[in-house]
Amino acid sequence: MVRRKHIRAVVEQLLKEHRIRSAPVPVAEIAKSLGAEVHYEPAEDDLSGFLYRDRKHKRSVIGVNAQHHPNRQNFTAAHELGHFLLHDFDDVHVDRQFKVWLRSAASSQGTDIEEKEANLFAAEFLMPARFLEKDVEEIGEFDLLDERVIQRLADEYGVSAQAMTFRLSYLGYVEQ
Ligand SMILES: [Zn+2]
């Protein structure tokens, strides 16, 4: 089971502690303050990112493929931060082209749930429900049917239009 309530609580706490009141949420900055450095480096296209954890030396690194679109890099960094906070991986966890919005053909159920949790964390973290509620109120739900409005909102949050659409639908503001 994906721990939806737990994940939202973790995100709420983080935003509160870091006094984040509006988008965009500074992923790398927050990750660093929690003990995980974020490194942006070019990599082969199917590699999105990774989380490296060295418990012995208390060092963690989040790697992000710098060749991807900045919005995607944000999502990858947030996804890895989700693993860092929610899961007990040792050593290295590598994410190759996770199908964010599709059900992945996961090798095992456990892995599948962890990936879903990391994706949900990333969505909650980059597009907090509270922030969106305010924005949607200002925009008006009708205007959410306009692709340009979605794009503008997505740019503001540093995510792709696809991710924003999915999030708005998840929160019940639009039909997908
Ligand atoms: Zn992952």
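The structure displayed is predicted, hence computed values, not measured ones.

Caption draft 1: Region of the structure containing the coordination of the zinc ion. Looking at the zinc ion, one finds its protein donor set to be His 79 (NE2), His 83 (NE2), Asp 95 (OD), Asp 95 (OD) and Glu 115 (OE), positioned 2.0 to 2.5 Å from the metal centre. Read from N- to C-terminus, the donor residues coordinating the zinc ion fall into the pattern H-x3-H-x11-D-x19-E. Residue His 79 is located in helix H3 (residues 70-86), and its partner Glu 115 is located in helix H4 (residues 109-126); the two are separated by 36 residues in the primary sequence. On the basis of relative accessible area, His 79 is assigned to the buried category, the value being 0%.

Caption draft 2: Broad picture of the pairing of strand S2 (residues 47-54). Most of S2 is tucked away: 6 of the 8 residues are buried. Taken together, the 6 bridges between S2 and strand S3 (residues 59-65) define a ladder with antiparallel strand orientation. Residue pairing across strands places Gly 49 opposite Val 64, the latter belonging to S3. Between the antiparallel neighbours S2 and S3 lie 4 residues, among them Lys 58 with a positive phi of about 50°.

Caption draft 3: Highlighting helix H6 (residues 147-157). Residues of H6 that are buried: Val 149, Ile 150, Leu 153, Ala 154 and Tyr 157. End-on, the buried residues of H6 take up no more than an arc of 135°, which puts them together on one face. Facing away from the buried side of H6 by over 90 degrees, the exposed positions are Glu 147, Arg 148 and Arg 152.

Caption draft 4: Local environment of the pattern of salt bridges. All chains considered together, the criterion is met by 9 salt bridges. For Asp 46, the salt bridge is made with Arg 96, and the minimal N-O distance between the two is 3.2 Å. Pair noted here: Asp 46 is in the loop between strand S1 (36-41) and S2 and Arg 96 is in strand S4 (residues 91-96), with a separation of 50 residues, a long-range link. In this structure Asp 46 comes out as partly exposed when scored by relative accessible area, which is 30%.

Caption draft 5: Molecular detail of the side chain of His 68. Within the secondary structure, His 68 is located in the loop between S3 and H3. Assessed through its relative accessible area of 7%, His 68 is described here as buried.

Caption draft 6: Spotlight on the environment of Leu 51. Mapped onto the elements of the fold, Leu 51 is located in strand S2. With 96 residues separating them along the chain, Leu 51 and Glu 147 place their C-alpha atoms 34 Å apart.

Caption draft 7: Representation of the confidence of the model for the protein. Looking at the protein as a whole, the pLDDT averages 90, with 92% of positions reaching at least 70. Low pLDDT (under 50) marks residues 99-108, which in the prediction has 9 contacts with non-local residues, meaning those over four places away or in another chain.

Caption draft 8: Seen up close, the environment of Asn 65. When you line up the elements, Asn 65 lands in strand S3. Measuring from C-alpha to C-alpha, the distance between Asn 65 and Gly 49 comes to 5.8 Å, with 16 residues separating the pair along the chain. Contacts of Asn 65, omitting those with residues within four sequence positions, involve Glu 41, Pro 42, Ala 43, Glu 44, Asp 45, Leu 47, Ser 48 and Gln 73. Among the polar contacts listed, one links the side chain of Asn 65 to the backbone oxygen of Leu 47, at a separation of 2.9 Å.

Rules and cut-offs
Residues numbered from 1 in each chain as written. Predicted model: local features only at pLDDT ≥ 70, side-chain atom pairs only at ≥ 80, totals over all residues. Heavy atoms only, no water. Donors = N, O, S within 2.8 Å, 3.2 Å for Na, K, Ca; no water. Helix = DSSP H or I, 4+ residues; strand = E, 2+ residues; numbered from the N terminus. Buried < 20%, exposed > 50% of the residue type's maximum accessible area, 1.4 Å probe, protein only. Pairing = 2+ DSSP bridges. Arc of directions from axis to C-beta. Salt bridge = Lys/Arg side-chain N within 4 Å of Asp/Glu carboxyl O. pLDDT = per-residue confidence, 0-100. Contact = heavy atoms within 4.5 Å. Polar contact = N/O pair within 3.5 Å; in protein donor to acceptor, adjacent residues only side chain to side chain.

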